[in-house]
Each structure stands twice: as C-alpha cells, then as structure tokens.
Amino acid sequence: MSESKFNKAVEIVGALPKDGPVKPSQDDQLFFYKYFKQAKIGDNNTTRPGMLDFTGKAKWDAWDSVKGTSKEEAYAKYVDRLLELLKAAGDNANVAALEAA
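This is a predicted model, so every value here is computed, not measured.

Observations regarding the overall build of the protein chain
Looking only at helices and strands, the protein chain features five helices and zero strands. Taken from N to C terminus, the helices and strands of the protein chain fall in the order α-α-α-α-α. In terms of overall size, the protein chain behaves like a compact globule, its C-alpha atoms giving a radius of gyration of 14 Å where 101 residues would be expected to give roughly 13 Å. Principal-axis analysis of the C-alpha atoms places the extent of the protein chain at approximately 40 × 30 × 15 Å. Here the protein chain holds 101 residues, and 35% of them are scored as buried. In the protein chain, the share of contacts with a sequence separation of at least 24, taken over all contacts with a separation of at least 6, comes to 71%. On the protein chain, the mean spot of the 15 positive side-chain charges and the mean spot of the 15 negative ones are 3 Å from each other.

Laid out in structure tokens, this is it:
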C-alpha cells in the first residue's frame, strides 16, 4: 500500500461531513485513529491517561492494541476499512478518488 493512497484516505476521512452518507461508528473512528497513529508515529510508548479521561484511555488502548504493526500494514488496514465504508454507503466518487491515488 502506498503512502500517497494512505494520505488520500486520511484526507477523505477528515473531510467526511457529519451529516453525509458515510457515518463511521465510534469503533470505526477508533480503528482509523489507531492505524493513523501507528502509521505516522509507530508503537505507542506514552503513558496511559488517568482514570477519568475515558476518551483518552479508549484512544490509548486502541493504539496500543496494534503495537508491532508495520507502517505498510497500518496503511493497508486504514485504506481497506475506508474503502469498505465508502462502498457500503455508495460513495463512488470517493472510492474512485482513493483508488486513483
């Protein structure tokens, strides 16, 4: 999976309208978050947030769950999941843009 395709996928995810046809669930959002962090930074080596930071802990746990995943594998998983969501929603314009990247 190429970095350019990954970057295009990140651009598409960031531009998804809140009331658009593609609505990633919270699990999807955590999926994109953990593989984005793994691709851009690598393994999580930060301390886990405190017990009252529920969002921070969920994000930390998600990222930590993919420790050891290569950058290329993180790219592929991110792009593949986005393609699944786009195809399920019938968003052919973004599918075409992503596949052309």
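Describing a nonpolar patch on the surface
A cluster of nonpolar side chains, namely Met 51, Leu 52 and Phe 54, defines an oily patch on the protein surface of about 440 Å² accessible area. Looking at where Met 51 falls in the secondary structure, it is placed in the loop between helix H2 (26-40) and helix H3 (54-64). On the accessibility criterion, Met 51 (67% relative accessible area) is exposed.

Here we look at the UniProt feature "domain: ACB" (unreviewed entry) in the protein chain
With numbering matched to this structure, UniProt assigns "domain: ACB" (unreviewed entry) to residues 2-91. The straight-line gap between the two end C-alpha atoms of residues 2-91 is 22 Å; of that span, 64% is helix and 0% is strand.

Observations regarding helix H1 (residues 3-15)
Residues spaced three or four apart along an α-helix point in a common direction, a consequence of the helix completing one turn every 3.6 residues. With 13 residues, H1 should cover 18 Å at 1.5 Å per step; its first-to-last C-alpha distance of 18 Å lies within 8% of that length. Among the residues of H1, Lys 5, Phe 6, Ala 9 and Ile 12 are the ones counted as buried. Projected down its long axis, H1 shows its buried positions confined to an angular sector of 120°, all on one face. In H1, the exposed positions angled more than 90 degrees off the buried face are occupied by Gly 14 and Ala 15. Where H1 is buried, its residues touch H2, helix H4 (71-89) and helix H5 (92-100).

Quick notes on the rules
- Residues numbered from 1 in each chain as written.
- Predicted model: local features only at pLDDT ≥ 70, side-chain atom pairs only at ≥ 80, totals over all residues.
- Heavy atoms only, no water.
- Helix = DSSP H or I, 4+ residues; strand = E, 2+ residues; numbered from the N terminus.
- Rg over C-alpha atoms; globule rule 2.2 N^0.38 Å.
- Buried < 20%, exposed > 50% of the residue type's maximum accessible area, 1.4 Å probe, protein only.
- Contact = heavy atoms within 4.5 Å.
- Lys, Arg positive; Asp, Glu negative; His and termini not counted.
- Charge placed at Lys NZ, Arg CZ, Asp CG, Glu CD.
- Patch = residues over 30% accessible without salt bridge, like charges linked within 9 Å, V, L, I, M, F, W, Y side chains within 5 Å.
- Areas by Shrake-Rupley, 256 points an atom, 1.4 Å probe, with all protein chains shown as cover.
- Salt bridge = Lys/Arg side-chain N within 4 Å of Asp/Glu carboxyl O.
- UniProt positions renumbered as here; feature names shortened; annotations may be inferred.
- Expected span 1.5 Å × (residues − 1).
- Arc of directions from axis to C-beta.

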